[in-house]
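Take a look at the letters that make up each chain.
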Amino acid sequence: MSLNHVRPWRNIYRRKSRQIMVGDVAVGGDAPIAVQTMTNTLTTDVAATVAQVQAAAEAGVDIVRVSVPDEASSKALKEIVRESPVPIVADIHFHYRRGIEAAEAGAACLRINPGNIGDEKRVKEVIKAARDHNCSIRIGVNAGSLEKHLLEKYGEPCPEAMVESGLEHIRILQDNDFHEFKISVKASDVFLSAAAYQGIAEATDAPIHLGITEAGGLVSGTIKSAIGLGNLLWMGIGDTIRVSLSADPVEEVKVGYEILKSLGLRHRGVNIISCPSCARQGFDVIKTVEALEQRLEHIKTPMSLSIIGCVVNGPGEALMTDVGFTGGGAGSGMVYLAGKASHKMSNDQMIDHIVEEVEKKAAELDAAQEAAE
Ligand code: SF4
């Protein structure tokens, strides 16, 4: 990432990791932090699963994971991969055959723990299938399913046990000369997760997949993920993220981006800066922001928009945004462009007008970007 010399307090120094490929998406090194989600349809329902993958892709997802619990799902996976606009990770638990089938079906990555799939011969077969089909592997350590010998050694799931588990799986891949892997050490507890991730970040240079597992519903899960993942990302740890929510995968993607946007690690779409509103507001800020969030979903260009109820904070915020609107009373407000007061607009036309201004600005920024490339 580029460092900010004017505002050094904004800098995040990313941990140096190796880079691997998940299909055509680079993960690790200096690649942008990739956003992932997972489908929650039946994998055998190809149409429903592909629709979910496409909706997530529309929301900006880089990589999507799909569960492969049985042979019928492996067969469906082939069609899903064919239809998907983004690389697909196959989620495998224990069944080494599923791992081989998923690699053959075109999965870009297998989420599989080599220590949990049986004897050495089986492990070698899965690794060979992955290698033959250009498939990377994610080792997914989870506090809830730690190996028995580690639970006996440590008494309970703890950061040390999770790191040791991760290193044991890594060793198996390395012993087989397989290095295209990334690793996650997830727990539903943010303290445990954060400590385990810090431990594994020190112990290996593998790219790290961040996640707080079973984080909860949309609001509670978002907060938990923002605290857990936010802290780790701020420390420079994490090359790809998945926010786990009991909600639509599209929400996971949106929350993932919002976390990255808040830390200046990645930008996509319109970053809306809005005030909470109060009796001073010159228009209905909450309804306006809700409407704009929906109307501006199609904008992918990174840009900022301030929607502020009155002149207390409006002009100041507008100074730092591409487009701004500040309520001014008497049924109208001021539109700001590139930080400068531009023209007045009546409250009843302001939503359509702001959408137009944002679209115009996005086209301008896109053209400038193209010219620079
Ligand atoms: S900017 Fe104005 S309307 Fe918004 S919360 Fe502050 S004082 Fe209230």
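No experiment lies behind these values; they were computed from the predicted model shown. (Residues numbered from 1 in each chain as written. Predicted model: local features only at pLDDT ≥ 70, side-chain atom pairs only at ≥ 80, totals over all residues. Heavy atoms only, no water.)

Give a description of the overall build of the protein chain that names residues and reports values.
Secondary structure assignment for the protein chain yields 12 helices and 15 strands. For the protein chain, whose C-alpha radius of gyration is 23 Å, the value lies close to the compact-globule estimate of 21 Å for 373 residues. Classification of the 373 residues of the protein chain by burial places 51% in the buried group. Within the protein chain, contacts between residues separated by at least 24 positions form 62% of all contacts whose residues are at least 6 apart in sequence. As displayed, the protein chain offers around 17,500 Å² of accessible surface, 52% of which is attributable to carbon and sulfur atoms. Positive and negative side-chain charges in the protein chain, numbering 38 and 49 respectively, have mean positions lying 2 Å apart. (Helix = DSSP H or I, 4+ residues; strand = E, 2+ residues; numbered from the N terminus. Rg over C-alpha atoms; globule rule 2.2 N^0.38 Å. Buried < 20%, exposed > 50% of the residue type's maximum accessible area, 1.4 Å probe, protein only. Contact = heavy atoms within 4.5 Å. Areas by Shrake-Rupley, 256 points an atom, 1.4 Å probe, with all protein chains shown as cover. Lys, Arg positive; Asp, Glu negative; His and termini not counted. Charge placed at Lys NZ, Arg CZ, Asp CG, Glu CD.)

Tell me about the site of the ligand, and name the residues and values.
Every residue near the ligand is listed here: Cys275, Ser277, Cys278, Gln281, Ile308, Gly309, Cys310, Val312 and Asn313. Partitioned by chemical class, the residues of the shell around the ligand number five nonpolar, four polar and no charged. (Near = heavy atom within 4 Å. Nonpolar A, V, L, I, M, F, W, Y, C, P; charged D, E, K, R; others polar.)

Hey, could you go over helix H2 (residues 71-83) for me, with residue numbers and the actual values?
Along an α-helix, residues three or four positions apart point the same way, because every turn accommodates 3.6 residues. The end-to-end C-alpha distance of H2, which contains 13 residues, comes to 19 Å, matching closely the 18 Å that a straight helix rising 1.5 Å per residue would cover. Looking only at H2, the buried set comprises Ser73, Ser74, Ala76, Leu77 and Ile80. Where H2 is buried, its residues meet helix H1 (46-58), strand S4 (63-67), strand S5 (88-91) and helix H3 (96-104). (Expected span 1.5 Å × (residues − 1).)

So what's going on with the side chain of Lys182? Which residues, and what values?
If you trace the backbone, Lys182 turns up in strand S8 (residues 181-186). Once you skip the residues sitting within four places of it in the chain, Lys182 turns out to touch Ile20, Val22, Val27, Gln36, Cys109, Ile137, Arg138, Ile139, Pro207, His209 and Thr240.

Requested: an account of the pairing of strand S14 (residues 332-337), with residues and values cited.
Sheet topology note: the strand S13 (residues 323-327)/S14 ladder contains five bridges and is antiparallel. Paired with Gly324 across the bridge in S14 is Tyr336. In sequence, S13 turns back onto S14 through a hairpin of four residues, with Gly329 there showing a positive phi of about 85°. One ladder, built from six bridges, connects S14 with strand S15 (residues 340-346); its direction is antiparallel. Considered in S15, the bridge of Met334 is made with Lys344. Counted along the chain from S14 to the antiparallel partner S15, the turn is two residues long, and its residue Ala338 has a positive phi close to 50°. (Pairing = 2+ DSSP bridges.)

Can you tell me about the packing of aromatic side chains, naming the residues and giving the values?
This model, assessed by the stated rule, comprises one aromatic pair. Centroid distance Phe283 to Phe325: 5.2 Å. Interplanar angle 75°. Geometry classified as edge-to-face. Remark: Phe325 occurs in strand S13 and Phe283 occurs in the loop between strand S11 (270-274) and helix H10 (285-295); sequence separation between them is 42 residues. Comparing Phe283 with Phe325, the two get one shared label, buried. Its end group placed over the ring of Phe181, Arg18 keeps NZ or CZ at 4.9 Å from the ring centre. In this arrangement the basic side chain of Arg268 is found over the ring face of Tyr257, its NZ or CZ atom lying 5.8 Å from the centre. (Phe/Tyr/Trp six-rings, centres within 6.5 Å; stacked < 30°, edge-to-face > 60°. Lys NZ or Arg CZ within 6 Å of the ring centre and 35° of its normal.)

Can you break down the packing of H2 against H3 residue by residue, with the values?
Contact geometry for H2 and H3: axes closest at 9 Å, N-to-C directions at 15°. Taken together, the axis directions place H2 and H3 in an arrangement best described as roughly parallel. Where H2 crosses over H3, the two elements pack in a sense that is right-handed. On H3, the residues that touch Glu71, Ser74 and Leu77 of H2 are Arg98, Glu101 and Ala102. Residue composition of the contact of H2 with H3, by class: two nonpolar, one polar and three charged. (Axes fitted to C-alpha atoms, helices over the stretch in contact; angles between N-to-C directions. Parallel < 35°, antiparallel > 145°, perpendicular 65-115°, else oblique. Left-handed = near helix turned anticlockwise from the far one by under 90°.)

Before we move on, can you summarise the side chain of Arg266 with the specific residues and values?
One can find Arg266 in the loop between helix H9 (249-262) and S11. Among the residues examined, Arg266 registers a relative accessible area of 17% and is labelled buried. Within the local environment of Arg266, its side chain forms a polar contact with the backbone oxygen of Ile33, the two atoms lying 2.8 Å apart. Side chain to side chain, Arg266 and Asp62 meet in a polar contact 2.7 Å long. Setting aside residues up to four positions removed in sequence, Arg266 forms contacts with Pro32, Ile33, Ala34, Val35, Asp62, Tyr257, Leu260 and Lys261. (Polar contact = N/O pair within 3.5 Å; in protein donor to acceptor, adjacent residues only side chain to side chain.)

Please give an account of helix H7 (residues 190-203) that cites residues and values.
For H7, built from 14 residues, the straight-helix expectation of 20 Å at 1.5 Å per residue is met to within 8% by its first-to-last C-alpha distance of 20 Å. Looking at the buried positions of H7, the neighbouring elements they touch are helix H6 (159-175), S8, strand S9 (209-210) and helix H8 (218-234). You can read the cap of H7 off the contacts: a side-chain oxygen lies 3.0 Å from the backbone nitrogen of Phe191, and it is on Asp189.

Before we move on, can you summarise the environment of Ala129 with the specific residues and values?
For Ala129, the location among the structural elements is in helix H4 (residues 120-132). Residue classification places Ala129 among the buried residues on the basis of a relative accessible area of 5%. Measuring from C-alpha to C-alpha, the distance between Ala129 and Ala203 comes to 27 Å, with 74 residues separating the pair along the chain. The residues contacting Ala129, other than those within four sequence positions of it, are Ile100 and Ala103.

Everything listed here is a matter of coordinates, which is why it stays silent on function.
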